[in-house]
Amino acid sequence: MAPSAEALAQETSQLAPFVKDVIALRQAKASKAALNQTVLRWSGAGRPKITLMDEIGRSPDEYRGDGAGRFKMNQVVTFVYDRQNKGLTTKGEFFNSTELGVFFSAIEKSVAKGKAVTYTLTGHQGPQELAFVPFSQKAKYSVKVNAVAAKPDSNGVAWVTLPHVSPSDSITFTITLAADNAAAHESFTILNYNPQL
């Protein structure tokens with residue numbers, strides 16, 4: 001029996017180890033111990049560097065009230081980045097998913113029920129992988145990346161691969177939280193693999 005598209009997405013994705021850890025954070029309700037373990041694991045020797053996808057800014061319909069940022073992913077990635085780059089000096093150009101030699105980025109955004117948020121990435125190159133992980137596995141949402149629509153898999157994760165992106169191309173993605181979603185808002189960890197090829 002051939003593996004499903006969902007299984008192939010998970011098995012072949014460069015993002016799979018990160019997604020697995022984000023799902024573990026969800027299951028541990030982002031406890032302090034789980035957050036600390038994630039920081040240590042992601043910043044360990046031999047692990048790929050990751051940065052915050054902070055250049056996407058804010059969407060007007062982004063939810064920023066009580067309960068936003070349930071994964072605490074922005075803090076996790078900031079701590080990991082600091083541990084991985086200790087001793088480096090910069091010109092204040094922190095947290096950009098196009099940073100040379102850093103192929104992975106992540107950010108957490110929250111969306112209100114019945115609303116959609118849209119963000120754009122630029123300057124990426126090569127085949128791009130994106131994964132969208134809601135805090136609730138049962139969240140009702142949809143994702144569209146450029147012209148590619150993705151539905152959540154059995155873990156609630158939406159996966160998108162763009163076969164080729166040039167630095168001059170834009171990657172625009174929209175997350176829509178369904179009007180009949182059980183919760184009034186939902187937090188999403190968004191991950192990207194940008195091989196810079």
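A. Layout of the pattern of salt bridges. Inspection of the entire model under this criterion finds three salt bridges. Between Glu-62 and Lys-109 there is a salt bridge, with the nearest N and O atoms lying 3.3 Å from each other. In this pair, Glu-62 is assigned in the loop between β1 (50–52) and α4 (73–84) and Lys-109 in strand β2 (residues 104–112), connecting sequence segments 47 residues apart. Note on Glu-62: relative accessible area 12%, which makes it buried. When the shortest N-O distance is used, the salt bridge between Asp-180 and Lys-140 registers 3.4 Å. Here Lys-140 lies in the loop between β4 (128–134) and β5 (141–145) and Asp-180 lies in the loop between β8 (170–177) and β9 (185–193), a separation of 40 residues in the sequence. Overall, the relative accessible area of 52% leaves Asp-180 in the exposed class.

B. Main features of the packing of helix α3 (residues 32–42) against α4. Across the interface, α3 lies against α4 with an axial gap of 9 Å and an inter-helix angle of 35 degrees. Between α3 and α4 lies a crossing whose hand is right-handed. Seen from α3, the contacting residues are Leu-35, Thr-38, Val-39, Leu-40 and Trp-42; seen from α4, they are Met-73, Val-76, Val-77, Phe-79, Val-80, Arg-83 and Gln-84. For the contact of α3 with α4, the per-class residue count stands at nine nonpolar, two polar and one charged.

C. Expanded view of unusual backbone geometry. Positive phi values are uncommon outside glycine, yet Asn-146 reaches one of about 50 degrees. Relative to the helices and strands, Asn-146 resides in the loop between β5 and β6 (148–150). Residue Asn-146 is classed as partly exposed on the basis of its relative accessible area, which comes to 36%. Notably, Gln-196 is not glycine yet its phi reads approximately 60 degrees, a positive angle. Considering the arrangement of structural elements, one finds Gln-196 in the segment after β9.

D. A look at the sheet that holds strand β7 (residues 158–162). The strand order β1-β2-β9-β4-β7 describes an open sheet built from five strands, whose pairing is mixed. Pairing within the sheet leaves two strands with one partner each, and these edge strands are β1 and β7. Neighbouring strand axes in the sheet, compared pairwise and without regard to direction, differ in orientation by 25 degrees on average. Across five bridges, the pairing between β4 and β7 is antiparallel. Bridge pairing in β7 places Gln-128 opposite Leu-162.

E. The packing of helix α2 (residues 16–27) against α3, seen in detail. Taken N-terminus to C-terminus, the directions of α2 and α3 make an angle of 165 degrees; their axes are 10 Å apart at the nearest point. Compared by their axis directions, α2 and α3 come out roughly antiparallel. Note on packing geometry: the crossing formed by α2 with α3 is right-handed. Between α2, through Phe-18, Asp-21, Val-22 and Leu-25, and α3, the contact on the second element is made entirely by Ala-34, Leu-35, Thr-38, Arg-41 and Trp-42. Residues of the contact of α2 with α3, tallied by class, amount to six nonpolar, one polar and two charged.

F. Molecular detail of the packing of aromatic side chains. Enumeration according to the criterion identifies seven aromatic pairs in this entry. Summarising the aromatic geometry, the rings of Phe-18 and Trp-42 are spaced 4.9 Å apart at their centres and angled 80 degrees between planes, so their arrangement reads as edge-to-face. One end of the pair, Phe-18, is in helix α2; the other, Trp-42, is in helix α3, and 24 residues separate them in sequence. Trp-42 shares its class with Phe-18; the two are buried. Ring centres 5.0 Å apart and planes at 35 degrees place the aromatic pair Phe-104 and Tyr-193 in the tilted group.

G. Just the sheet that holds β6, in detail. If you trace the four strands from one edge of the open sheet to the other, you get β3-β8-β5-β6, paired in antiparallel fashion. Either end of the sheet is taken by a strand with one partner, and the two such strands are β3 (116–122) and β6. Looking at each pair of strands side by side, their axes are set apart by 15 degrees on average, direction ignored. Taken together, the five bridges between β5 and β8 define a ladder with antiparallel strand orientation. Pairing of Lys-144 across the sheet is with Thr-174, part of β8.

Parameters and conventions
Residues numbered from 1 in each chain as written. Predicted model: local features only at pLDDT ≥ 70, side-chain atom pairs only at ≥ 80, totals over all residues. Heavy atoms only, no water. Salt bridge = Lys/Arg side-chain N within 4 Å of Asp/Glu carboxyl O. Helix = DSSP H or I, 4+ residues; strand = E, 2+ residues; numbered from the N terminus. Buried < 20%, exposed > 50% of the residue type's maximum accessible area, 1.4 Å probe, protein only. Axes fitted to C-alpha atoms, helices over the stretch in contact; angles between N-to-C directions. Left-handed = near helix turned anticlockwise from the far one by under 90°. Contact = heavy atoms within 4.5 Å. Nonpolar A, V, L, I, M, F, W, Y, C, P; charged D, E, K, R; others polar. Pairing = 2+ DSSP bridges. Parallel < 35°, antiparallel > 145°, perpendicular 65-115°, else oblique. Phe/Tyr/Trp six-rings, centres within 6.5 Å; stacked < 30°, edge-to-face > 60°.

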